[in-house]
Amino acid sequence: MALLLVSTPALGDMSKLWGAAGEAWTPTSRLPDYSHAGYHAGEAPLPEVPVVANVADFGAVGNGVTDDTDAFAAAIAAAENGAVLIPAGRYVITDVLRLSKSNVVLRGEGSGPDGSVLFISKSLADVYGPSRSWSWSGAFIDIRPSQEVIATTATAVTTAASRGDTSLTVASTAGLAEGQLVELHQVDDGSGSLGRHLHNDQAKAGDCPYMVPLNLDSPVRVRSIDGGVVTFTQPLRTDVSLAWSPELRTHEVVEEVGVEHLRMEFIQAPYAGHLNEPGYNAITFSAVADSWVRDVTIVDADSGIFTGSYVKGLTLQDIALEGRQGHHGIALSYSADILVRDFNIANAWTHSLTVSARASGNVFSRGTGAEVLVLDHHGDSPFENLFTQLSAYTFVGSGGEECTGPHGGARNTYWNLVAPMDVPLLWGHVQSNVVGEGLIVSNALTEDAQWYETVSTLEPANLYEAQTSRRLCGDISDACSLGVYEPDTASCSLAPRPRSTACDDGDPDTDGDACSEGVCAGTSASGCSYDPAAPGRGSSPLMLGLLLALSAAAASRQRPTAEGAARCREFRPPTQAEAQPCVKCPVLPIDPSRQAVEEPHDEQATSDRQRLQRSIHRR
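These numbers come from a predicted model, not from an experiment.

Asks: Can you lay out the pairing of strand β28 (residues 373-377) for me, pointing to particular residues and giving the numbers?
Replies: With five of five residues buried, β28 is to be regarded as a mostly interior element. Burial along β28 is two-sided: the residues Leu-373, Leu-375 and His-377 and Val-374 and Asp-376 are all buried. As defined by bridge partners, strand β26 (residues 349-356) adjoins β28 across three bridges and the pair is classed as parallel. Paired with Thr-354 across the bridge in β28 is Asp-376. As paired elements, β28 and strand β30 (residues 393-394) share two bridges and run parallel to each other. Within β30, the residue paired with Val-374 across the bridge is Thr-394.

Quick look at the structure:
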């Protein structure tokens, strides 16, 4: 992987929860770690798998008249370890298309009107009969295992753990393996303590019949097994209490499944109304891991994309929603660590973006809407979800039955959304984090309740990208450069820290050291020092760092001697040519042994980064 030097960004202001490059943050902070969201936790780019089947070879015509459903089903059934190609055309689909095998991708030739269009002329009610459930479940591309998912108990957890821990001690490791996806299952003991914990002990959970007793299934991947200790690839999002009968469970999942470069159009039927939808629904996932939807446009749907139980590590990228009004745009329930990025919602929805039913660790990043985005918190304890760099939004329209309890659980975070920044309607007191410019309320920086922090020109602009940069690219950082994560390629590049950031060039005979074009330089030995100019202001997402050492450096500067005063007056920051910036250096591989100077050693984070670097090198 090549290291690139990107332009020096301007400087903005920082949040007390994060700082410039995470120096104010810890894994047990009220600001959760969102860096594990997405396909393979951001450690690999979305793949381009080879084509192994073509729907045309199975009889699909794509003329907008012929029913091509059977041809699609046959091509999907025949495909193994590759993509089913859908050539450009208009294909009539009248039944549900099921993807129940791992390593199968539906790939079209474009999401525009002239690309690969799946024209769906029926509703789920037409196919299966009327049901109120089509308002919140089911879809015409249905991704799930072929059999009913039944979890089996692998082993009991024998010791308690705290949120932020990465290991659990278990009674037996039989049936467990490194790299395996497992569920940490916990169930309330009847006291309601698990539900209160999901609201930071500031509120009770709901009491709907399907929530009593409250169950929490947290999908985690095994990093290593040592004796009876199982270590995971990411920190735990909740405490683990023996009172909640914790167990590690295994079950079947579908992995490496994709839907990409196509368009789904439904018949132009008027919207039937809230909770009366017949089921013009596009895509649904259940028991799926490390999969994706990429470059897909959905038109005239009742609901766009649903996720359900046992779903982890999806990337939903470049999604466009268009047409008439609908119910749920993108709805995440019971799911963890899903990344929804670079999306555009052009039509109106009762609920544009939904989190519900103990969904956690999910990220909505870089999204826009022609209408105001309804950030629907649908009750049943969705917690630790992130909304960052979104267009105009509102919490009005958050739904769910009254018995589901507060709309949102603990530590949901709203970072650098378009001003004016609204605050959660009735659930901000459960450690909600709202950070950015133009908050409609005064600052309220409490320890255990709400955190409402006004920060102008907030940097980093995108919290997910900043946290992923820190976890996966920190080892290539140095005194004057920062490792920056590139989401499209899941790789790292170097960005200079802001010009005039204090540093130490290692020469005891110079002082007033400061960064310039990615290198550190100081004054001559005359005793004079360089007083850095005030940095500029900006909001580039690449601005990830400002070392908080300016004051310390200033304190160490010596007063110029009379003899060296003339040279002091002549001193200026080094020019680009004098500084020999890295842009002129040869391309270098990442050295995994390099450690970020401003961060303490973190063995797990280092392992993550090294594994990413090895993976990218192999690719």
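Asks: Describe in detail the pairing of strand β22 (residues 315-322), supporting the description with residues and values.
Replies: On any regular strand, side chains alternate: one points to one face of the sheet, the next to the other face. Burial of β22 is extensive: six of the eight residues sit out of reach of the surface. Looking at chain direction, strand β19 (residues 292-299) and β22 are connected through seven bridges and run parallel. By the bridge assignment, Ile-298 is partnered in β22 with Leu-321.

Asks: Please set out the sheet that holds strand β13 (residues 229-232) residue by residue, giving values where relevant.
Replies: Pairing is antiparallel in the open sheet, where six strands are placed in the order β9-β14-β11-β12-β13-β10. This sheet does not close on itself; its edge strands, each paired only once, are β9 (152-156) and β10 (167-169). Averaged over all pairs of adjacent strands, the angle between strand axes in this sheet comes to 45 degrees, irrespective of strand direction.

Asks: I'd love a proper account of the side chain of Asn-462, names of residues and values included.
Replies: Within the secondary structure, Asn-462 is located in the loop between β34 (451-454) and α4 (463-473). In this structure the side chain of Asn-462 is engaged in a polar contact, spanning 2.9 Å, whose partner is the side chain of Ser-365.

Asks: Would you mind going over the state of the cysteines in detail, with residue names and values included?
Replies: This model, assessed by the stated rule, comprises four disulfides. Paired through a disulfide, Cys-473 and Cys-492 show a sulfur-sulfur distance of 2.1 Å. An S-S torsion of about -80 degrees defines the bridge between Cys-473 and Cys-492 as left-handed. With Cys-473 in helix α4 and Cys-492 in strand β36 (residues 491-496), the pair connects residues that are 19 residues apart, well separated along the chain. The buried category is assigned to Cys-473, whose relative accessible area is 1%. The disulfide bridge from Cys-480 ends at Cys-515, spanning 2.2 Å between sulfur atoms. The disulfide joining Cys-480 to Cys-515 has a torsion of about -85 degrees about its S-S bond and is therefore left-handed. On the criterion of sequence distance, the pair formed by Cys-480 in the loop between α4 and β35 (481-486) and Cys-515 in strand β37 (residues 514-516) is long-range, its members being 35 residues apart. Cys-515 carries the same exposure label as Cys-480, and that label is buried. In the protein, the cysteines engaged in disulfides, taken in order along the sequence, are linked 1-2, 3-5, 4-7, 6-8.

Asks: So what's going on with the packing of aromatic side chains? Which residues, and what values?
Replies: Under the counting rule described, the total for this entry stands at 11 aromatic pairs. Summarising the aromatic geometry, the rings of Tyr-393 and Phe-395 are spaced 5.6 Å apart at their centres and angled 85 degrees between planes, so their arrangement reads as edge-to-face. On the basis of an interplanar angle of 85 degrees and a centroid distance of 5.6 Å, the ring pair of Phe-395 and Trp-427 is categorised as edge-to-face. Placement of Phe-395 in the loop between β30 and β31 (413-415) and of Trp-427 in the loop between β31 and β32 (433-436) is noted, with a sequence separation of 32 residues between them. The class of Phe-395 is buried, set by a relative accessible area of 0%. Taking the relative accessible area as the measure of exposure, Trp-427 reaches 0% and is therefore buried. An aromatic cluster of three or more residues is present, and its members are Phe-364, Phe-387, Tyr-393, Phe-395, Tyr-414 and Trp-427.

Asks: I'd love a proper account of the nonpolar core, names of residues and values included.
Replies: By size, the foremost hydrophobic cluster in this structure holds 74 residues, and its most contacted members are Ile-283, Phe-285, Leu-316 and Phe-364. Sequence-distant contacts of Ile-283, defined by excluding residues within four places in its chain, comprise Ala-139, Ile-141, Ile-143, Val-259, Met-264, Val-293, Val-296, Gly-304, Ile-305 and Phe-306. By size, the runner-up hydrophobic cluster in this structure holds 24 residues, among which are Tyr-34, Leu-339, Leu-458 and Cys-492.

Asks: A description of helix α1 (residues 69-78) should follow, citing residues and the corresponding values.
Replies: Where α1 is concerned, the buried positions are Thr-69, Ala-71, Phe-72, Ala-75 and Ile-76. In an axial view of α1, the angular spread of the buried residues amounts to 165 degrees, which keeps them on one side of the axis. When the buried face of α1 is taken as reference, the exposed residues oriented beyond 90 degrees from it are Asp-70 and Ala-77.

Asks: An account of the environment of Trp-134 is needed here, citing residue identities and associated values.
Replies: With respect to the secondary-structure elements, Trp-134 resides in the loop between α2 (124-128) and β8 (141-143). When the C-alpha atoms of Trp-134 and Asn-281 are compared, they prove to be 8.0 Å apart, with 147 residues separating the residues in sequence. When neighbours within four sequence positions are excluded, Trp-134 is seen to be in contact with Leu-124, Ala-125, Tyr-128, Gly-129, Glu-277, Pro-278, Gly-279 and Asn-281. Of the polar contacts made by the side chain of Trp-134, one reaches the backbone oxygen of Gly-129; its length is 2.9 Å.

Asks: Please give an account of the confidence of the model for the protein that cites residues and values.
Replies: Predicted coordinates in areas of low pLDDT are best not read in detail. For the protein, the average pLDDT comes to 86, and 83% of its residues sit at 70 or higher. Every residue in residues 1-10 scores below 50 in pLDDT, and together they form 39 contacts with partners more than four places removed in sequence or on other chains. Low pLDDT, under 50, characterises residues 526-603; the stretch is placed with 149 contacts to residues that sit more than four places away or in other chains.

Asks: So what about the side chain of Ser-481? Which residues, and what values?
Replies: Within the element layout of this structure, Ser-481 appears in strand β35. Not counting the four nearest positions on each side in its chain, Ser-481 is found in contact with Leu-494, Ala-495, Pro-496, Arg-497 and Gly-518.

Asks: Can you lay out the sheet that holds strand β24 (residues 335-336) for me, pointing to particular residues and giving the numbers?
Replies: Overall, parallel pairing links the four strands, which are arranged β15-β18-β21-β24 in an open sheet. Looking at which strands have only one partner, the edges of the open sheet turn out to be β15 (254-255) and β24. With two bridges connecting them, strand β21 (residues 311-312) and β24 associate as parallel partners. Across the sheet, the residue bridging to Lys-312 is Ala-336, located in β24.

Asks: So what's going on with the pattern of salt bridges? Residues and values would help.
Replies: Within this structure, the stated rule accounts for 25 salt bridges. A salt bridge links Glu-384 to Arg-237; the nearest nitrogen and oxygen atoms lie 2.8 Å apart. Taken as a pair, Glu-384 in the loop between β28 and β29 (386-390) and Arg-237 in the loop between β13 and β14 (247-250) lie far apart in primary sequence, 147 residues in all. Taking the relative accessible area as the measure of exposure, Glu-384 reaches 2% and is therefore buried.

Asks: Could you give an account of α4, naming the residues involved and the relevant values?
Replies: Since the α-helix turns once every 3.6 residues, residues separated by three or four places project in the same direction. Taking burial as the measure, the 11 residues of α4 include 10 buried ones, the bulk of the element. Where α4 is concerned, the buried positions are Leu-463, Tyr-464, Glu-465, Ala-466, Gln-467, Thr-468, Ser-469, Arg-471, Leu-472 and Cys-473. Its side-chain oxygen at 3.2 Å from the backbone nitrogen of Tyr-464, Asn-462 defines the N-terminal cap of α4.

Asks: Explain the environment of Ser-218 to me, and be specific about the residues and the numbers.
Replies: For Ser-218, the position within the fold is in strand β12 (residues 215-226). Excluding anything up to four places from it in sequence, Ser-218 contacts Val-182, Glu-183 and Leu-184.

So, how was this worked out
- Residues numbered from 1 in each chain as written.
- Predicted model: local features only at pLDDT ≥ 70, side-chain atom pairs only at ≥ 80, totals over all residues.
- Heavy atoms only, no water.
- Buried < 20%, exposed > 50% of the residue type's maximum accessible area, 1.4 Å probe, protein only.
- Helix = DSSP H or I, 4+ residues; strand = E, 2+ residues; numbered from the N terminus.
- Pairing = 2+ DSSP bridges.
- Axes fitted to C-alpha atoms, helices over the stretch in contact; angles between N-to-C directions.
- Polar contact = N/O pair within 3.5 Å; in protein donor to acceptor, adjacent residues only side chain to side chain.
- Disulfide = S-S within 2.5 Å.
- Phe/Tyr/Trp six-rings, centres within 6.5 Å; stacked < 30°, edge-to-face > 60°.
- Core = buried A, V, L, I, M, F, W, Y, C linked by side-chain atoms within 4.5 Å.
- Contact = heavy atoms within 4.5 Å.
- Arc of directions from axis to C-beta.
- pLDDT = per-residue confidence, 0-100.
- Salt bridge = Lys/Arg side-chain N within 4 Å of Asp/Glu carboxyl O.

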